[in-house]
Amino acid sequence: MLAVSIFFTVLIFGAVFYFAIKYRRRSDDELPGGGHTGLALEVVWSVIPFGLTMIMFGWGASIFFKESVPPDDAMNIYVVGKQWMWKLQHQEGQREINELHIPINRPIRLTMTSEDVIHSFYVPDFRTKQDVVPGRYTTTWFTATKPGKYHLFCAEYCGTKHSGMIGWVYAMRPEDYQEWLAGSPTGSMADRGARLFDDLACANCHHADGSGRCPTLVGLFGSTVRLAGGGAVKADEAYIRESILNPPAKIVAGYQPLMPTFQGLVTEEGVVELIEYIKSLNAKPGLEQTGQPAVPGAGAGSQPGNQ
Amino acid sequence: MATAAVLERETYLNASYGLKSWLLTKDHKRIAILYFITISIFFAIGGTFAGLIRLELLTPQADLVSSETYNKLFTMHGVIMVFFFLIPSIPATLGNFFLPIMIGARDLAFPRINLLSWYLLILGGVLAIYAMVAGGVDTGWTFYTPYSTSYANTYVIATALGIFVAGFSSILTGLNFVVTVHRMRAPGMTWFRMPLFVWAHYATSLIQILGTPVLAVTLVLILCERTLHIGIFDPALGGDPILFQHMFWFYSHPAVYIMVLPGMGVISEIVSTYSRKPVYGYAFVAFSSLAIAVVGFLVWGHHLYVSGQSLYAGLVFSFLSYFVAIPSAVKVFNWTATLYKGSISYDTPMLYAFGFIGLFTVGGLTGLFVASLGLDVHVTDTYFVIAHFHYVMVGGTIMAYLGGVHYWWPKMTGRMYPEHFARLSAVVVFIGFNLTFFPQFILGYQGMPRRYHVYPPEYQVLHVLSTAGATVLAVGYIMPLIYLIWSLKYGPVAGKNPWGATGLEWSIPSPPPTHNFDRIPVVMHEAYDYSAVPREVEVG
């Protein structure tokens, strides 16, 4: 692409200079002929650039599509942007601010949202950029290949300290990453989600066996949910987020719109913890949906059982 | 006026005197002069902001201004330059002055509305300047929501109102041009005998009429959300922030063509005159203006590739963005072909036109980079984009504007400018421009995000180069200001056709009389028919 651009730049500059010198005015009463238009020439210099641009279009689009679909085995990291910092959470529970530690050679999938205005997660060295938009999740993914320290920027203007909303991505060898994870033991995100599930008394209605007034959440994530009034939706992160913050938006077929909104009661970070908890219910079918920590031993202090 | 002493005949300049005769004038030429003065002032203000930005960026740390001030500087630089300089620039000045003359009309179709347009721009400008003096605005010229509606604590409302009002100035000017071209062509001035400058303005006017109302609606919605808290764009109120970006760019991308199409029209005139040849492929150049105007409305989504817009939307917008590059490329090829076997002279306007062709080519070709879905992910919102659009808008529009001002200066004022200084200014502007903006392509490719007040130190070298270039560029812009004003009094008297150019504007005296033509001309020749130009080239 650069080559094509340089070629045309040189072509145009060259032609302009060459003609400008060769056909410079030698006397004031020259009157060159002209007025003839070569249709063939017009067609040629329309069609050839069009063909070239279509190649660029296809090339760029195929890269973009590949970049848009994260591999299934990608490691999930949640990002919440706010004026003016990046808050990141690992599934294992580690929380970071303006720093992100990742293992190399492993696809990393970011699920991102913002607490306030639009931000944009930009790591120039990974050729990764994705706007982080309040009120919805956006995702992106990348794989780091070399250990090192890389710039993390906010690329969408977000107010006074926009240029201070920067940080570092530390790409580490897998063993170093494991060591880093072990260095600060903490409950997993799903554990925290379980605790939140309890605190918010979600289990009062969402029973594991589906006997409650609200649908069971076991096996929900990734399933297709039939909606009241027809239609269906895939239960992904965005659907679960919406159902927590704006429950009437999509009512599950066969249930009443009883659930109150949790807007203002739970933070964006809390929502992603709840999502991780709901995801963890898939991995352990049969687990009682009582707020019991999904990973045994990690949820000390939480109150099991219904409230 | 100085010219009155030299020329005894009545011209539009000496027909009447006094401030009132100017502020209440219905003469398109006088209104054009009012616009000249107005937009020159706005350019000076916007340029001062740019200078302060470049000065601050000399070092990676914050030293000259605070972050708040820096953010206000780049916002106000954008607002002033886009809405109060570039949008009105060529159409409101050169277009206003020459479009009626070029088609053999005595004025625009609606002279009073023309004057109203100028007052609307002034009113809009006063509101915008009030916002700046009162404390400034820091949303970026793009007003992205929900920052602009729910978070910014600056003068968003006054600024948005100013742009809203100035928008009507743009709509009315477009309307005036369209009606004039349809209804007021002289006998024999068929559509395909019109100078390409007129075609370019016709295409521009269509965009102004169809696009600007959408901007007005968008700004009103901003005001509704900000003052009445009606949820439109802020998700906390139930709105959609991406909706704003769609609405904003639906106008603001075509607005790029409002800025550059008239420039292309100017270049067509200049290249033809100084090659003494008809523009190669007249019909292709004319229709490429219309093609750009139409397809330009369908590419706005290329500003949203990484916004969270759907993949398939991105695909369509990328395709159309490549498509719209073709008519621009066709123009460049045709201008270059016009030079072939021409009789080329290196007068100042031609030097500016060469500069335009070079810089617009670079601006256009880097557009192919940002139109690519995959590549844009990396370079969007970086200095690469800054460099790209400055090459198009400053390298393109302002080079064309300065070229056009020099080209028609003798016609407008009856005086010649000092040729040597003028050629020097064209060269200084070209060098200064490239030194300012070329390093920014590299900065952007290296990952330097835009709108950063402080930045990591590894980017400093290129920033220093860019600031040095901006200094040279400033000198290049100040030079014409000085010698053009000087020439008003001391410049040699210009004949009616100092360049041996075609076009009806060169068939009437310089400066033109108030009613342009004593008798409405009958057009017998195609555009750019140099065999029909009387050969007496010197003082007439």
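Residues numbered from 1 in each chain as written. Chains lettered and ligands numbered in written order. Predicted model: local features only at pLDDT ≥ 70, side-chain atom pairs only at ≥ 80, totals over all residues.

## Re the overall build of chain A
Counting its regular elements, chain A contains 6 helices and 12 strands. For a compact globule of 307 residues, the expected C-alpha radius of gyration is about 19 Å, and chain A comes in at 28 Å, more than 25% above that figure. In terms of its C-alpha atoms, chain A occupies a principal-axis envelope of roughly 100 × 50 × 35 Å. Across the 307 residues that make up chain A, the buried fraction comes to 38%. The contacts of chain A with a sequence gap of at least 6 include a subset with a gap of at least 24, amounting to 65%. (Helix = DSSP H or I, 4+ residues; strand = E, 2+ residues; numbered from the N terminus. Rg over C-alpha atoms; globule rule 2.2 N^0.38 Å. Buried ≥ 20, exposed ≤ 12 C-beta atoms within 10 Å, placed from the backbone. Contact = placed C-beta atoms within 7 Å.)

## So, the overall build of chain B
Within chain B, the secondary structure is distributed over 17 helices and 0 strands. Relative to its length of 540 residues, chain B is compact, with a C-alpha radius of gyration of 23 Å against a globular reference of 24 Å. Expressed along its principal axes, the backbone C-alpha trace of chain B runs to roughly 65 × 45 × 45 Å. When burial is assessed residue by residue, chain B has 62% of its 540 residues classed as buried. Pairs at least 24 residues apart make up 84% of the contacts formed inside chain B by residues separated by at least 6 positions.

## Some thoughts on helix H11 (residues 282-295) of chain B
With 14 residues, H11(B) should reach 20 Å at 1.5 Å per residue; the first-to-last C-alpha distance of 20 Å fits that figure. Of all the residues in H11(B), the buried ones are Tyr282(B), Phe284(B), Val285(B), Ala286(B), Ser288(B), Ser289(B), Ile292(B) and Ala293(B). Buried residues along H11(B) sit in contact with helix H2 (39-68) of chain A together with helix H9 (196-228), helix H10 (241-275) and helix H12 (311-339) of chain B. (Expected span 1.5 Å × (residues − 1).)

## Observations concerning helix H1 (residues 2-22) of chain A
With 21 residues, H1(A) extends 29 Å from end C-alpha to end C-alpha; this agrees with the ideal 30 Å at 1.5 Å per step. For H1(A), the set of buried residues is Phe8(A), Ile12(A), Val16(A) and Ala20(A). Mapping the buried residues of H1(A) onto a view down its axis gives an arc of 85 degrees, with all of them on the same face. Of the exposed residues in H1(A), those oriented more than 90 degrees away from the buried face are Leu2(A), Ala3(A), Ile6(A), Phe7(A), Val10(A), Gly14(A), Ile21(A) and Lys22(A). Looking at the packing, one finds that the buried side of H1(A) touches H12 and helix H13 (348-371) of chain B. (Arc of directions from axis to C-beta.)

## Some points on the interface of chain A and chain B
Residue-level contacts link 63 residues of chain A with 70 residues of chain B. Only H1, H2, strand S6 (119-123), strand S7 (128-132) and strand S9 (148-154) of chain A provide two or more residues apiece to the side of chain A that touches chain B. Examining the composition of the side of chain A that touches chain B, we find that 16 residues originate from one element, H2(A), more than from any other. Of the residues contributing to the side of chain A that touches chain B, the split by class is 31 nonpolar, 18 polar and 14 charged. (Nonpolar A, V, L, I, M, F, W, Y, C, P; charged D, E, K, R; others polar.)

## Remarks on unusual backbone geometry
The omega torsion across Gln83(A) and Trp84(A) is -10 degrees, close enough to zero to call that bond cis. The peptide bond linking Thr145(B) to Pro146(B) adopts the cis configuration, its omega dihedral lying at -5 degrees. Note on placement: Pro146(B) falls in the loop between helix H6 (111-134) and helix H7 (147-151). The backbone of Arg276(B) shows a phi angle near 55 degrees, a positive value even though the residue is not glycine. Counting through the fold element by element, Arg276(B) comes out in the loop between H10 and H11.

## Some remarks on the sheet that holds strand S10 (residues 167-172) of chain A
Residues and elements named next belong to chain A. Spatially, S4-S10-S9-S6-S7 is the arrangement adopted by the 5 strands of the open sheet, whose pairing is mixed. Of all the strands in the sheet, the pair left with one neighbour each is strand S4 (99-103) and S7. Averaged over all pairs of adjacent strands, the angle between strand axes in this sheet comes to 20 degrees, irrespective of strand direction. Summarising the sheet, S6 and S7 pair through 5 bridges and their orientation is antiparallel. Bridge assignment links tyrosine 122 to a residue of S7, and that residue is lysine 129. Against the sheet, helix H3 (residues 174-183) touches S4 and S10, its axis set at about 130 degrees to S4. (Pairing = 2+ DSSP bridges. Axes fitted to C-alpha atoms, helices over the stretch in contact; angles between N-to-C directions.)

## A look at the packing of H11(B) against H12(B)
Residues and elements named next belong to chain B. One way to put it is that H11 packs onto H12 with a least axis distance of 9 Å and a crossing angle of 160 degrees. Looking at the two axes, H11 sits roughly antiparallel to H12. Crossing of H11 against H12: the hand is left-handed. Along its contact with H11, which presents Phe284, Val285, Ser288, Ala291, Ile292 and Val295, the element H12 presents Leu320, Phe323, Val324, Pro327, Ser328, Val330, Lys331 and Asn334. Taken together, the residues of the contact of H11 with H12 break down into 10 nonpolar, 3 polar and 1 charged. (Parallel < 35°, antiparallel > 145°, perpendicular 65-115°, else oblique. Left-handed = near helix turned anticlockwise from the far one by under 90°.)

## With respect to the nonpolar core
Val79(A), Ile80(B), Val198(B), Ile267(B), Ala353(B), Phe356(B) and Ile357(B) are the most contacted members of the largest nonpolar core, which totals 235 residues. The two domains that each donate at least three residues to this core are domain 1 (75-181) and domain 2 (189-290) of chain A. Apart from the residues lying within four places of it in its own chain, the contact partners of Val198(B) are Leu99(B), Met102(B), Ile103(B) and Val181(B). Residues Phe64(A), Tyr305(B), Leu373(B) and Val377(B) belong to the second largest nonpolar core, which totals 5 residues. (Core = buried A, V, L, I, M, F, W, Y, C linked by C-beta atoms within 7 Å. Domains from an automatic or database assignment.)

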